[in-house]
Every structure is written in structure tokens, then in C-alpha cells.
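Structural overview
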Amino acid sequence: MKKIIYLDNAATTRTRPEVAEAMLPYFTEFYGNPSSVYDFSTPAKKAVQEAREIIAGSIGAQAREIYFTGCGTEADNWALKATADAYREKGNHIITSKIEHHAILHTCEYLEKHGFEVTYLDVDENGVVKLEQLKKMIRPTTILISIMFANNEIGTIQPIREIGEIAREHDILFHTDAVQAYGHLPIDVDALHIDMMSASGHKINGPKGVGFLYIRTGVKIRSFMHGGAQERKRRAGTENVPGIVGFGKAAQLAMPAMEERARCEGELRDYLMDRIMEEIPYTRINGDRTNRLPNNANFAFQFIEGESLLIMLDSKGICGSSGSACTSGSLDPSHVLLAIGLPHEIAHGSLRLTLSEENTKEEMDFVVDSIKEIVQGLRNMSPLYEDFMKKQER
């Protein structure tokens, strides 16, 4: 089997062996339903509570404010739909941005069909929300602002503290999709004035199929899943005990190592970026050069199709993406790249590489050399590139 260089950690990460080991007993030994009243369920119930406390502590929250979900997408849906339902009498206006994950955008589209009004904020060329526009868009009927912590495609980090302060000043709830940020950036929900926050286990070397929604005490949003009294009557359904245990273990491992991991990933990312920008002409970095997730690199190569690049990289054992894993297979250019001002023909030539602490400089050298070779080969077959070069020679 050929060596795999995995550079799609924004899509999912490898579950750490320690996480898998922590989960195993809750499949075969402590398999009781944590909602049951007999003693056999006690270990499962205790394990869920311990994971809840670990995760709460990691963001400066109380354990009772953490609600486990099936994924980050569910948490996003819950935050928006339940808030809209609970605060309908106060107003029907929601503010978000044009570069949100589709879990937010598609939910907003759903709400628009049910009587709610949504404002989609512009972003600048680096993908940062315009705070002055945010202030201007607030209405007396605004009930929720939902802005992602860091973008899943271009890695840009939003001014979350400032957004939270604006929301607090106007008595508006503030939700942030922190699926890409949690475990990679320090988060304190009180300091940042966050009322609700979504996260997912498989982005931090935990298992797939588990996430959480932080709901600040006093926020009166309703249940999203109905059918039982689990999660303090707010999210029905038997708890995914092994997944919750794994998420807690992953958070426990990720948080103390966050600063050092970010430093190592950032240095490797910068090395990758520098080589590509120096050695491959007609290329741009998408997103802010420095104000971005430490492991995220996103490029646009002119005169090529990103899908062709991905397929050829895959033949060399290199795993990357052209954007969100949730939109893979789509022929449309990234809505994020269009929002930051890229024309369609350049947005189509995008490549997202997201690193982990397991990647090496030697791997980055192989990746850059491979990209150089493939991009040049694709450009040599492009009539647009041929015409462009002829014009440059005149």
C-alpha cells in the first residue's frame, strides 16, 4: 500500500488510540443505559457526566450548560431553529454571514420559508465579517446573531469577542459555530460573550457521531429532539455513551497540548505556504495570511480545475480537498471563495490542505513538488493559460 499523506484534517481527524481505548469498555462491559435507575447503569451515567465536566471546563462553562448531540450540524440546527421558535414573539430577524457552513446557511433558508428574515453579512477579501455592517443590520426584531468562530474552508478567525459585545449591548443572543475552532483555539464563553456554541468530536481526534451545544444558563431555547427526558429534557434519545466518553477523552488530551500543537502546525503550514507562493506563479492564498487556524492552508491556482488537481494528488497518496467535505462532489465553486471576491474561474482552482501534528517537513516537500508538477501539467493543457502566456510575451 502506498504511503498516505493526510492533509484533510478539517474534514475529519484520526481517532487517537487513547480515545478508542477509553471508549471500548462502554460497548462491552459498562453497556447500561445511563437513563436507567438500576445500579448497572451507574458507570455509564458517571462516564457521561465526567465527559460533560471535562468539556465544560475546556470552554469556561458549567457542566449543566453542555448538551450532547449527534454532530456539529445537529447542534447548529438546534441553536437556530429552537431559538427562532422560542423567541418568535420578540422578533423574526436573524443575522449570519455569507461564509457560514451549510449547516447554518441551509437552516437559515429553511427558517426564511417559515416567516423569518435573515441578513447575510458581507466579508472582506480575507473572509472577516464587517463589524460596522453588523451594527447597521441590527433591528428591533433581531433575535439572534450566528457567526462561525473560524471558517472551515479558508481558516479565517472572526472577531468573536467584538461580535459578542455587540450582541450583548443590543440584548441579542449570540451563537457561534466553533466546529473548526474548538480544541485548536482557546475559547472562554464568558469572556467572549457567547450564548450558544456548537462543536464536534471528530475534529479533535475524537470519534464521529458526537457533538455538543453549549447553551448559557438563562437562554430559553426549546428542545430540538422529542421523545424522552435525556439531556435534562432538552435533547431526547439514548445517549451515545462510547461517543461521549471518546469526545471527553479527546478534549482532555487536546486542551493541554493546544498551544504547542498550534505552534508546530503553524510553522509547518507557513513553510508549505511560503514554498508554494515562491515556486508556483499565478497562485494566491485564500483567507488572512496570519489570522487563520494554525493548520489551515487554502490556495487558488489560476488556469486549472481543482477537482483535477485533487484526483492527481490522490494518485500520489496525498489527501486534500477543494473545500468543505459536506459539499464534495458539487460542481459549483465554493460559496466562501465567491464571498471573498474570487471570480468563478479562479475559485474553481482551489485547494485546501489542513495539517495535523503528525505531518512532517519532508511530507510538505513532497506535497509541494507534487503540486508544482501537477499544476504545470494541467496548465500546459489549458487554452486559457496558453492565451495568457502569449499575451505576456508581447
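The preceding data block contains the structure.
Attention here is on the structure that accompanies the text. (Residues numbered from 1 in each chain as written. Predicted model: local features only at pLDDT ≥ 70, side-chain atom pairs only at ≥ 80, totals over all residues. Heavy atoms only, no water.)

Here the focus is the packing of helix 3 (residues 42-58) against helix 9 (residues 241-279). Packing of helix 3 against helix 9 brings their axes to within 9 Å, and their N-to-C directions diverge by 35°. Like other packed secondary-structure pairs, helix 3 and helix 9 cross with a definite hand, here left-handed. Contacts between helix 3 and helix 9 involve A44, A47, V48, A51, I54, I55 and S58 from the first element and V241, I244, V245, F247, G248, A251, Q252 and M255 from the second. The residue makeup of the contact of helix 3 with helix 9, split by class, is 12 nonpolar, 3 polar and no charged. (Axes fitted to C-alpha atoms, helices over the stretch in contact; angles between N-to-C directions. Helix = DSSP H or I, 4+ residues; strand = E, 2+ residues; numbered from the N terminus. Left-handed = near helix turned anticlockwise from the far one by under 90°. Contact = heavy atoms within 4.5 Å. Nonpolar A, V, L, I, M, F, W, Y, C, P; charged D, E, K, R; others polar.)

Before going further, it helps to spend a moment on empty space enclosed by the protein. Counted by the stated rule, this structure contains 2 cavities of 30 Å³ or more. Estimated volume of the largest cavity: approximately 120 Å³. In terms of lining, the largest cavity is formed by 17 residues, of which the most central are H184, K203, N205, R261 and E357. Tallied by class, residues from the lining of the largest cavity come to 5 nonpolar, 7 polar and 5 charged. Looking at the second largest cavity, its volume works out to about 70 Å³. Lining the second largest cavity are N9, A10, N152, Q180, H184, K203, L293, N295, N296 and T354. A class-by-class count of the residues in the lining of the second largest cavity yields 2 nonpolar, 7 polar and 1 charged. (1 Å grid on protein atoms, 1.4 Å probe; cavity = no way out; pocket = protein on both sides within 12 Å on 5 of 7 lines; lining within 4 Å. Points joined across faces, edges and corners; volume = space filled by probe spheres on them.)

So, on to the environment of D76. With respect to the helices, strands and loops of the structure, D76 is situated in helix 4 (residues 72-86). Relative accessible area serves as the criterion here: at 2%, D76 is assigned to the buried category. Along the sequence, D76 and V189 sit 113 residues apart, while their C-alpha atoms lie 17 Å from each other. The residues touching D76, leaving out its near neighbours within four places in the chain, are A103, I104, H175, D177 and S198. At a separation of 2.8 Å, a polar atom in the side chain of D76 contacts the side chain of S198. (Buried < 20%, exposed > 50% of the residue type's maximum accessible area, 1.4 Å probe, protein only. Polar contact = N/O pair within 3.5 Å; in protein donor to acceptor, adjacent residues only side chain to side chain.)

Counted by the stated rule, this structure contains 11 aromatic pairs. Judged by centre distance (5.0 Å) and plane angle (70°), the rings of Y31 and F40 are edge-to-face. With a relative accessible area of 53%, Y31 lands in the exposed category. Here F212 and F247 contribute two aromatic rings whose centre-to-centre distance is 5.8 Å and whose plane-to-plane angle is 35°, an arrangement assigned as tilted. Separated by 35 residues along the polypeptide, F212 in strand 8 (residues 211-215) and F247 in helix 9 bring together distant segments of the chain. An aromatic cluster of three or more residues is present, and its members are Y282, F303, Y385 and F388. Cation over ring: K81 sits above Y110, and NZ or CZ is 4.5 Å from the ring centre. One cation-aromatic arrangement involves R232 over Y67; the distance from NZ or CZ to the ring centre is 4.2 Å. (Phe/Tyr/Trp six-rings, centres within 6.5 Å; stacked < 30°, edge-to-face > 60°. Lys NZ or Arg CZ within 6 Å of the ring centre and 35° of its normal.)

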